[in-house]
Amino acid sequence: MKSDLYQKGMQVRRAVMGDEYVDASLADVDDFNGPMQDMVTETAWGGVWSREGLERKTRSMLNLAMLTALNRPHELRGHVRGALRNGVTPDEIREILMQAAIYCGMPAGLDAFRVARAVIKEMKEPQAAA
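So, how was this worked out
- Residues numbered from 1 in each chain as written.
- Predicted model: local features only at pLDDT ≥ 70, side-chain atom pairs only at ≥ 80, totals over all residues.
- Heavy atoms only, no water.
- Helix = DSSP H or I, 4+ residues; strand = E, 2+ residues; numbered from the N terminus.
- Rg over C-alpha atoms; globule rule 2.2 N^0.38 Å.
- Buried < 20%, exposed > 50% of the residue type's maximum accessible area, 1.4 Å probe, protein only.
- Contact = heavy atoms within 4.5 Å.
- Areas by Shrake-Rupley, 256 points an atom, 1.4 Å probe, with all protein chains shown as cover.
- Axes fitted to C-alpha atoms, helices over the stretch in contact; angles between N-to-C directions.
- Parallel < 35°, antiparallel > 145°, perpendicular 65-115°, else oblique.
- Left-handed = near helix turned anticlockwise from the far one by under 90°.
- Phe/Tyr/Trp six-rings, centres within 6.5 Å; stacked < 30°, edge-to-face > 60°.
- Lys NZ or Arg CZ within 6 Å of the ring centre and 35° of its normal.
- Nonpolar A, V, L, I, M, F, W, Y, C, P; charged D, E, K, R; others polar.

Let's talk about the overall build of the protein
Here's step 1: A count of helical and extended segments in the protein gives seven helices and zero strands.
Here's step 2: Along its sequence from the N terminus, the protein presents helices and strands in the succession α-α-α-α-α-α-α.
Here's step 3: For 130 residues, the compact-globule estimate of 2.2 N^0.38 gives 14 Å, and the C-alpha radius of gyration of the protein, at 15 Å, lies within 12% of that figure.
Here's step 4: Principal-axis analysis of the C-alpha atoms gives the protein an extent of 45 × 40 × 30 Å.
Here's step 5: Within the protein, the proportion of its 130 residues that are buried is 32%.
Here's step 6: Considering only contacts within the protein whose residues lie at least 6 apart along the sequence, 67% involve residues at least 24 apart.
Here's step 7: When the accessible area of the protein is evaluated, it comes to approximately 8200 Å², of which 56% is carbon and sulfur surface.

Written out as structure tokens, the structure is:
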């Protein structure tokens, strides 16, 4: 049985990232990477994302800037989706990435724009068909 912090973290993780994303992350869990997934769920999602003091939208905005600075496009992709789910608008995402590009470097900013643009487009397409 997983800890209460894990359970709390899983609820927040699913609310922010969406069931599809979380299920895909957990589908590949094995004895080697399982402890890392547990740590991410407990520490990041249960320990930090669950804290009061910042709204989820603000946390998402911070993550976009930090992941751009770290040039982590795989994680950025998931967190752009999460940011949109948390109410960050495409215009706000653009401004965050422009700000980050100035301080983190244009190559990181350009990569972040490519990732964000693709995710925003993907998330709009199902809505257009509905």
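Quick look at the environment of Pro107
Here's step 1: Among the structural elements, Pro107 can be located in helix H7 (residues 106-129).
Here's step 2: Residue class for Pro107 comes out exposed when judged on its relative accessible area of 61%.
Here's step 3: Each C-alpha atom, one on Pro107 and one on Thr68, is 9.7 Å from the other, the two residues being 39 residues apart in sequence.

A short note on the environment of Thr41
Here's step 1: Within the element layout of this structure, Thr41 appears in helix H3 (residues 34-48).
Here's step 2: Sequence separation of Thr41 and Val119 is 78 residues, and the distance between their C-alpha atoms is 23 Å.
Here's step 3: Sequence-distant contacts of Thr41, defined by excluding residues within four places in its chain, comprise Leu5, Tyr6, Gly9, Met10, Arg13 and Gly46.

Remarks on the packing of helix H4 (residues 56-70) against helix H5 (residues 73-85)
Here's step 1: Interhelical geometry of H4 versus H5 gives an angle of 160 degrees and a closest axis separation of 9 Å. With respect to each other, H4 and H5 are oriented roughly antiparallel. In this structure, H4 crosses over H5, and the sense of that crossing is left-handed. Here Ser60, Asn63, Leu64, Leu67 and Thr68 of H4 lie close against H5, whose contacting residues are Glu75, Leu76, His79, Val80, Gly82 and Ala83.

Description of the environment of Val16
Here's step 1: Within the fold, Val16 resides in helix H1 (residues 4-17).
Here's step 2: The exposure class of Val16 is buried, given its relative accessible area of 0%.
Here's step 3: In sequence terms Val16 and Arg81 are 65 residues apart; their C-alpha atoms lie 8.3 Å from each other.

Looking at the packing of aromatic side chains
Here's step 1: Counting across every chain of the model gives one aromatic pair.
Here's step 2: Here Lys2 stacks its cationic end above the ring of Tyr6, 5.0 Å away from the centre of that ring.

Considerations on the packing of H4 against helix H6 (residues 90-104)
Here's step 1: Taken N-terminus to C-terminus, the directions of H4 and H6 make an angle of 40 degrees; their axes are 9 Å apart at the nearest point. Note on packing geometry: the crossing formed by H4 with H6 is right-handed. Contact with H4, carried on its side by Lys57, Met61, Leu64, Ala65, Thr68 and Ala69, involves Glu92, Ile93, Ile96, Leu97, Ala100 and Cys104 of H6 and no other residues of that element.
Here's step 2: Split by residue class, the contact of H4 with H6 holds nine nonpolar, one polar and two charged.

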